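# Close look at the chain arrangement
Here is how the chains run, residue by residue.
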Amino acid sequence: MKFDKSLLRTVLFAVGVVAMVIGIYQTIYYNDLGRNYWIFMVSMTCWMPLLYWRQQERLEAKVAEQKAKLAQQARSKTPAKSTKKRC
């Protein structure tokens, strides 16, 4: 069985959003941020890997784009061989 990374991302995002909503509700209801600080930290803990993974994907895409651009430039610099025979 293969591990599905997109499922993990979905679960982490959902838990983070739910924890944030609960934290905001509890803070407003009890008017005490310090008492509900741990709930906000659960939310941030769920979102941190998501932010890191997105950053890594952007970096990989940028590197791949630069490699493709360099390959294109290398192809355009090499002159095409002529099919005409020289006398």
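This text follows the structure it describes.
Note that the structure is a prediction, hence the values are computed from the model and not measured.

Thresholds applied
Once a new chain begins, its residue numbering starts again from 1 and follows that chain's sequence as written. A pLDDT threshold of at least 70 governs which residues receive local features in this predicted model, and a stricter bar of 80 or more applies before side-chain atom pairs are shown or counted, although totals over entire chains, interfaces and linings include all residues. As a rule here, side-chain values cover all heavy atoms of the structure and leave hydrogens and water aside. A run of H or I in DSSP counts as a helix once it spans at least four residues, and a run of E counts as a strand once it spans at least two, with each numbered from the N terminus. Helix span, expected: 1.5 Å multiplied by one less than the number of residues in the helix. Three exposure classes are used, based on accessible area relative to the maximum for each residue type with a 1.4 Å probe and protein chains only: buried under 20%, partly exposed in between, and exposed over 50%. Working rule for contacts: check all heavy atoms of both residues, and any pair within 4.5 Å makes them a contact. Each aromatic pair joins two rings of Phe, Tyr and Trp (for Trp, the six-membered one) with centres within 6.5 Å, and gets the label stacked for planes under 30 degrees apart, edge-to-face for over 60, and tilted for any other angle. Geometrically, a lysine NZ or arginine CZ counts as sitting over a ring once it is within 6 Å of the ring centre and also within 35 degrees of the ring normal.

### Some thoughts on helix H2 (residues 37–77)
Residue pairs spaced three or four apart in an α-helix point in one direction, given the helix's 3.6 residues per turn. With 41 residues, H2 should cover 60 Å at 1.5 Å per step; its first-to-last C-alpha distance of 59 Å lies within 8% of that length. Listed as buried for H2 are Ile-39, Phe-40, Ser-43, Cys-46, Leu-50 and Trp-53. Looking at the buried residues of H2, the elements they touch are helix H1 (5–30).

### Observations regarding the packing of aromatic side chains
One pass over the structure, following the stated rule, counts 2 aromatic pairs. Between Tyr-25 and Tyr-29, the aromatic rings sit 5.8 Å apart at their centres with planes inclined by 15 degrees, giving stacked as the arrangement. With Tyr-25 and Tyr-29 both in helix H1 and 4 residues apart, the pair spans about one turn of that helix. We classify Tyr-29 as exposed; its relative accessible area is 56%. Where Tyr-29 meets Tyr-30, the ring centres are 4.9 Å apart and the plane angle is 85 degrees; that geometry is what we call edge-to-face. Taken together, the ring pairs in this structure connect Tyr-25, Tyr-29 and Tyr-30 into an aromatic cluster. Between the NZ or CZ atom of Arg-35 and the centre of the ring of Tyr-30, over which it lies, the distance is 4.2 Å.

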